[in-house]
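# Observations on chain architecture
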Amino acid sequence: MNKNYKENLKTRNIKEDTRRKLDIKEYKVKKESELLTYLIEELKFSRNNAKSLLSHHLIAIDGAPVSQFNFMIYPGDSLIISKNPIKKKERSKLPIIYEDEYIIALNKPFGLLSVANDKEKAITAYRLVMDYVQDKSKHNRIFVVHRLDKETSGVLIFAKNEELKKELQDNWNDLVTKRGYYAIVEGTLDKKENHIVNYLKMNSLNLMYIASSKDPKAQKCITEYKVIEENAKYSLLDVNIFTGRKNQIRVTLGSLGHYVLGDDKYGEPANPINRLCLHAYELDIKNPLTGKVYKLKAKMPEEFNTLMKNPDYKKIIKNEKKPVKPSKK
């Protein structure tokens, strides 16, 4: 049985990351520049040393390796210098949904970070797509527009130029007309359709929780859901969000007592298919530079269908190790 929602937030333990720290230095880019020029003028490398770093493949932008001297970088980029060569990653079966001269969209697999973080620089959706576009031209690059949680699969887009990235980020809520998700939750819901307005705030453990609307630091959160299928154990929901708060769907549904399956961050629900049962199936967005409206879709994972037809289904992973539960002490 799940713990009370508030109790989950109080007792949730942070798992320590015991992985080796990456042997790198990281700098936030402060001005638009060619890469070689930035290394020399801003980071004060000699010309020979800067060229050597690039020619020996020791430079990456947001985790993606770059070696050309005149590659353009922009404020906010993460410039990484490694002590070891940074190799390109294999991109077999990269699940691209759509591509044109302005954007590229993919069906991000669950378990893959959207972009690099403090713990992981190399294996990200950004890195894989960056390698892909650079195979076409070494001067190509992509820009981060939005993110999906590592555990969430579905539609993820990148811009192909800095102007579009800025326009999309600055006007995201005005340009996006639909953000649709499939979620499988525990139990059956009394209300088969609901429009929920609440307020979210982050606690000291970097977890979101529902706060008072009078709290000046709480952010308004708007979520709608509709039950589209039920079985003896679970409900499949069509969820649409009208705000983009961190973990919005997981916290909102969990607060109703119906945790998303596999969500051990906010609850202790069943995890029958060894993943978070949350999938971003549609993103409708307008390109402010052209006026074109994209309707980008990623079909529901087949395992979601299997689980709804057979609630006793459990995905078996070979050599699976049972997780060690953190101590409650």
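Just above, that's the structure.
Let me sum up the structure you'll find in this document.

About the criteria used
- Residues numbered from 1 in each chain as written.
- Predicted model: local features only at pLDDT ≥ 70, side-chain atom pairs only at ≥ 80, totals over all residues.
- Heavy atoms only, no water.
- Helix = DSSP H or I, 4+ residues; strand = E, 2+ residues; numbered from the N terminus.
- Buried < 20%, exposed > 50% of the residue type's maximum accessible area, 1.4 Å probe, protein only.
- Core = buried A, V, L, I, M, F, W, Y, C linked by side-chain atoms within 4.5 Å.
- Contact = heavy atoms within 4.5 Å.
- Polar contact = N/O pair within 3.5 Å; in protein donor to acceptor, adjacent residues only side chain to side chain.
- Phe/Tyr/Trp six-rings, centres within 6.5 Å; stacked < 30°, edge-to-face > 60°.
- Lys NZ or Arg CZ within 6 Å of the ring centre and 35° of its normal.
- Arc of directions from axis to C-beta.
- Pairing = 2+ DSSP bridges.

Within the secondary structure layout, Asn 84 lies in the loop between strand 6 (78-82) and strand 7 (96-99). The exposure class assigned to Asn 84 is partly exposed, which follows from its relative accessible area of 46%. Separated by 27 residues in sequence, Asn 84 and His 57 have C-alpha atoms that sit 8.2 Å apart.

With 61 residues, the main nonpolar core has Leu 35, Leu 79, Tyr 126, Phe 158 and Ile 184 as its most contacted residues. Ranked by residue count, the leading element in this core is helix 4 (residues 125-136), at six residues. Ignoring any residue separated from it by four or fewer positions in sequence, one finds Tyr 126 in contact with Ile 61, Asp 62, Ala 64, Ser 114, Val 115, Arg 141, Ile 142, Val 144 and Phe 158. Counting residues in hydrophobic clusters, the runner-up holds 18 residues, among them Tyr 74, Ile 157, Trp 172 and Ile 285.

Mapped onto the elements of the fold, Thr 223 is located in strand 14 (residues 219-230). C-alpha of Thr 223 to C-alpha of Asn 240: the two residues are 17 residues apart in sequence and 6.0 Å apart in space. Excluding its chain neighbours within four sequence positions, the residues that come into contact with Thr 223 are Asn 194, His 195, Ile 196, Val 239, Asn 240, Ile 241, Gln 248 and Thr 252. A polar atom in the side chain of Thr 223 sits 2.9 Å from the side chain of Gln 248.

So, on to the packing of aromatic side chains. Taken as a whole, this structure holds four aromatic pairs when the rule is applied. Residues Tyr 126 and Phe 158 carry aromatic rings whose centres are separated by 6.0 Å and whose planes lie at 70° to one another, so their mutual orientation is edge-to-face. You can see Tyr 126 sitting in helix 4 and its partner Phe 158 sitting in strand 10 (residues 153-159), a full 32 residues away along the chain. Taking the relative accessible area as the measure of exposure, Phe 158 reaches 0% and is therefore buried. Over the aromatic face of Phe 143 sits the side chain of Arg 141, whose NZ or CZ is 4.1 Å from the ring centroid.

Even without a glycine there, the phi angle at Asn 247 is positive, about 55°. Residue position: Asn 247 is located in the loop between strand 15 (234-241) and helix 7 (248-255). Take Asn 247: its relative accessible area is 5%, and that puts it in the buried class. Notably, Asn 274 is not glycine yet its phi reads approximately 55°, a positive angle. Here Asn 274 is to be found in the loop between helix 7 and strand 16 (278-286).

With that settled, the discussion passes to helix 8 (residues 302-309). For helix 8, the set of buried residues is Glu 303, Phe 304, Leu 307 and Met 308. Axial view of helix 8: buried residues confined to an arc of 135°, hence all on one face. Of the exposed residues in helix 8, the ones pointing more than 90 degrees away from its buried face are Glu 302 and Lys 309. Among the structural elements, strand 11 (176-186), strand 14, strand 15 and strand 16 are those in contact with the buried residues of helix 8.

Taking burial as the measure, the eight residues of strand 15 include eight buried ones, the bulk of the element. Of the two faces of strand 15, the one carrying Tyr 234, Leu 236, Asp 238 and Asn 240 and the one carrying Ser 235, Leu 237, Val 239 and Ile 241 are both buried. Across seven bridges, strand 11 lies against strand 15 in antiparallel orientation. Residue pairing for strand 15: Ile 184 is matched across the bridge by Leu 236. In the sheet, strand 14 pairs with strand 15 via seven bridges, with the strands oriented antiparallel. The residue of strand 15 that forms the bridge with Glu 229 is Leu 236. Linking strand 14 to strand 15, which pair antiparallel, is a turn of three residues.

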